[in-house]
Amino acid sequence: MQNKIPVLIIICCLLLTGCRGSKVIEDLAILEAVSFDQSDSNDNPIKTTVLFPTVSKEGMAGTQFLSASGKSSHETFINLQNLTNLKLVGGQSTILFGKDLSKKGIFKIVESLSRDPEFGTRVKLAIVEGKGEELLKKKIPSIPDNAEYLYTFMEKLGTQNRILNTDKYRFLRDYYDDGIDPVLPVFTYEKDNIELKGLGTFKDDQYISLLTLSETHILNLLCGNIHNGSLMVNMVDEKTKKTNQLFLSDINSNNDKKVNKRKNKTVEIMLDLKGSVLEYTGSLDISNEKYQRQLEKQIEDYIKTNSKKLLVKLQKDQTDPIGIGTLIRNRTSYEKWKKLNWNQTYSNLNFKVNVKVDLINTGKAK
Amino acid sequence: MMVKKRGINGDLMKERLHPFQLSILIYMIQNSLILYSLPRYTAEYFGTNGWISILFIFVLVNINILLIVFIYKLGKGRSIFEIIDTTVPKWIMVPFYLLIICVWIGIASMIMRLYIFIFKMMFFPALPVSLFIFFFILLSFQLLKGGIYKMSKAIVVLCAIVQPMLFLLFYLIPEFEFARYTTFIFKGGTDFLKGALHVYTAFLGIEVSILFFPMVEKKWTKALFIGNLLSTVGYILITAICYGFFSFNQILNDLFPVMTLFEYTEVSFLSRAENLCFSVFAFKVLSIIVIYFWGAQQFLGNMIKKIKPNVWIFIILSCGFILAMLPDSIVDVEKWLSWLSYCAIGIAWALPLFVLSILFIQIFKNLIDRETDHAK
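All figures in this text were calculated on a predicted structure; none of them were measured in a lab.

Draft legend 1. Summary view of helix α7 (residues 147-162) of chain B. Residues and elements named next belong to chain B. In this model α7 runs 22 Å from its N-terminal to its C-terminal C-alpha over 16 residues, within 8% of the 22 Å that 1.5 Å per residue would give. Every buried residue of α7 is listed here: I148, M151, S152 and I155. The buried residues of α7 occupy an angular sector of 100° when the element is viewed end-on, so they sit on one face. The exposed set on the far side of α7, more than 90 degrees from its buried face, consists of V157 and A160.

Below, the structure written as structure tokens:
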């Protein structure tokens, strides 16, 4: 056939396309983690630290750090480029923000990262209590590669906890949405380990406050439905004044929210929670059905009071990670929503939390 | 695929386009490169829930198709050149034909160049543009040489490669939320007319079917509607998913939301699928380009019948190559493309209306002639 030769030429040429712009992996510094901190100098306010894996001639794997300051995130990358013989390229990495920088706002940096096609949408973002640079440089004997550790840590968190499942896409989505504020996990390196400290809430792109781990769990319940979650409940025994612990596992919850416009804008959050008890340090005999009902009541009270506390804290901080704004936006007209002074409305909202807990079982022991 | 050889009235034993083949051809030749930014255009110009606008444009496109169908029915399958030539002298039509040819070659080149620009920006910044254009032109030449019948066969195969990408959308369902749609419809939009024109360009390509009359089987017209419906379903599906996947302002701030959409899909064996999707999309772009070149070739061939088709193909492709080399930036290409698209929309409506009015004149004349014959 006469067509064969041109087709053959095309196929051969297509195979050649790989020859141009080749990237040899030994010459690349594939960024595993990048941290952005506020630097001490006023001229170059951003300090960037990158961490990438290296392989020595003997075949030993290791990591290398580089730090540089600059006026913008990409200027620091250019400065970093002058510190190494390798070519810096982005990858599926973890991006850390130091506390001071995140208090000032991180949108400009995240935006410039999303302009760069090298950084994917699934890049993980997190805040570091202190300096990101120090977290990356911290030597922990049991952890050979801090960046990889962090990435897998955050992947695990994402599967366990809906609200801790954060990446660049989710951050930008909630940042741009006018009815919800983004959140990012907060890590700390104070002790001998890299540790999750809690959840950072945002107003626009500024880090506002830290929610403790127990608050994070409550927030997780308030945000949406949960499959296979867990919750540690601290209950105070009224008679002995001692705190008892109860560990709820295999939680499946249903979350429903309503807005009552008439009564001074009340938002009603209804939680329907099912779980099994794996630990209980109190005095009740939980194999008895009567006491189980009592226990359910106590758990309901615990969630209710703590939810209320959390909601008040969020209102005070003016951040809305639950998406109450979305709820109200979808129940008002466009003109009203645009005219609405959201900050004021949000602080004046009344919340009502209804919780229903069902204990499915109390574990293997009687 | 089995295709029966048959002709109208059994006189022409030439191969003709099967309706199924034609539906897929129509689906493939619609300008879906714009799909990658369609969510942004609808959001920008129509505002919240802008994806609904696609439905309205779908109705408009169907009216456009109806015009073409009327011409086929009233003209009893004659090609539009036959219809025009019987009433209007050829030399009057030449400037109009030239205009159509220029717009079609231009639009094909600009679509090709836009695709290459995006491809370069996203994946291969170091590759030379001329190489890309050369490949597109070479492939177009191979397809054009075979004529419309072989082209449509090849396009059916290309379609089978492009379509499986749609299944990747299932992996985005966990991130999808209806709350992001908002309850507002068309609020915060800027310019409905401009928006409608932009959305309409996504359906362009279908107007070339006005040249298909001599090459099709008798009951082919339904294929036009089916092909257009397929495109619309695809557009609405992807755009609507974007509105539930991204927040509204996020769509406004992303140049190619659909690219980001596919970028987010992660399967255990595949991550950042936008790379694969967009590369495979080249086949769809190729179909669009080829059909416009083919349309231009038909016009040229009709104007001067003595010259061999291959010479025309060569001339058209050289023009296309040079035009595609001209623009320097994405902004340039988009500006050119939008102007050419407006012209193409004009052609898509004006050409059928013009032919239809000629047909009415002819029918009217025949009626008068018959009556005068009768009177004699």
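Having seen the structure, we can now continue with the description.
Draft legend 2. Region of the structure containing the domain arrangement of chain A. Residues and elements named next belong to chain A. We note that the domain assignment places domain 1 (25-211) and domain 2 (224-366) within chain A. Placing a centre on the C-alpha atoms of domain 1 and another on those of domain 2 gives a separation of 32 Å. The partner domain 2 presents 12 residues to the 11 residues of domain 1 that form the contact. Looking at the side of domain 1 that touches domain 2, the elements with two or more residues in it are β9 (195-203) and β10 (206-211). Per-element accounting of the side of domain 1 that touches domain 2 gives the leading share, three residues, to β9. The class makeup of the residues in the side of domain 1 that touches domain 2 is four nonpolar, three polar and four charged.

Draft legend 3. Region of the structure containing the sheet that holds strand β13 (residues 266-280) of chain A. All names here are of chain A. Sheet architecture is open: four strands sit in the order β11-β12-β13-β14, paired in mixed fashion. Of all strands in the sheet, those with a lone pairing partner are β11 (226-236) and β14 (350-361), marking the two edges. Here the average twist between neighbouring strands, direction ignored, is 35°. Direction of pairing for β11 relative to strand β12 (residues 243-260): antiparallel, over a ladder of eight bridges. Within β12, the position partnered with L231 by the bridge is L248. Helix α9 (residues 289-317) rests against β11, β12, β13 and β14 of the sheet, and its axis sits at about 150° to β14.

Draft legend 4. A look at the packing of helix α6 (residues 129-145) of chain B against helix α13 (residues 282-303) of chain B. Residue and element names in this part refer to chain B. Direction vectors running N to C along α6 and α13 enclose 60°, while the axes themselves pass 10 Å from each other. Relative to α13, α6 is oriented oblique. Viewed along their axes, α6 and α13 form a crossing whose handedness is right-handed. Within the contact between the two elements, α6 uses F136, L139, S140, L143 and L144 and α13 uses L286, I289, V290, F293, W294 and Q297.

Draft legend 5. Here's a closer look at the interface of chain B and chain A. At the interface, 25 residues of chain B touch 18 residues of chain A. Elements with a contribution of two residues or more to the side of chain B that touches chain A: α5 (90-122), α6, α10 (248-252) and α11 (257-264) of chain B. Considering only residue class, the side of chain B that touches chain A consists of 12 nonpolar, eight polar and five charged.

Draft legend 6. Fine view of the sheet that holds strand β3 (residues 46-55) of chain A. All names here are of chain A. Spatially, the eight strands line up as an open sheet ordered β4-β3-β2-β6-β7-β8-β9-β10, and their pairing is mixed. Lying at the two open borders of the sheet, with one neighbouring strand each, are β4 (61-70) and β10. On average, adjacent strands in this sheet sit at an angle of 30° to one another, irrespective of strand direction. Across the sheet, helix α8 (residues 213-223) touches β9 and β10, and the angle it forms with β9 is around 55°.

Draft legend 7. Layout of the environment of P141 of chain A. With respect to the helices, strands and loops of the structure, P141 of chain A is situated in the loop between α5 (132-137) and α6 (146-160). Once the C-alpha coordinates of P141 of chain A and I11 of chain A are considered, the two residues, 130 residues apart in sequence, prove to be 52 Å apart.

Draft legend 8. Representation of the nonpolar core within the structure. One finds I111, M112, Y115, V285, I289, Y292 and F293 of chain B to be the most contacted residues of the largest nonpolar core, which totals 187 residues. A domain split of this core shows at least three residues from each of domain 1 (25-211) and domain 2 (224-366) of chain A. Residues within four places of V285 of chain B in sequence aside, it is in contact with L33, I111, M112 and Y115 of chain B.

Draft legend 9. Region of the structure containing the packing of α5 of chain B against helix α14 (residues 309-325) of chain B. Residues and elements named next belong to chain B. Look at α5 against α14: their axes get within 9 Å of each other, and the N-to-C directions meet at 50°. Taken together, α5 and α14 sit at an angle that is classed as oblique. The element α5 and its partner α14 pack so that their crossing is right-handed. Contact residues: α5 offers I105, G106, A108, S109, M112 and R113, while α14 offers I316, C319, G320, L323 and A324.

Definitions and limits used
Residues numbered from 1 in each chain as written. Chains lettered and ligands numbered in written order. Predicted model: local features only at pLDDT ≥ 70, side-chain atom pairs only at ≥ 80, totals over all residues. Helix = DSSP H or I, 4+ residues; strand = E, 2+ residues; numbered from the N terminus. Expected span 1.5 Å × (residues − 1). Buried ≥ 20, exposed ≤ 12 C-beta atoms within 10 Å, placed from the backbone. Arc of directions from axis to C-beta. Domains from an automatic or database assignment. Contact = placed C-beta atoms within 7 Å. Nonpolar A, V, L, I, M, F, W, Y, C, P; charged D, E, K, R; others polar. Pairing = 2+ DSSP bridges. Axes fitted to C-alpha atoms, helices over the stretch in contact; angles between N-to-C directions. Parallel < 35°, antiparallel > 145°, perpendicular 65-115°, else oblique. Left-handed = near helix turned anticlockwise from the far one by under 90°. Core = buried A, V, L, I, M, F, W, Y, C linked by C-beta atoms within 7 Å.

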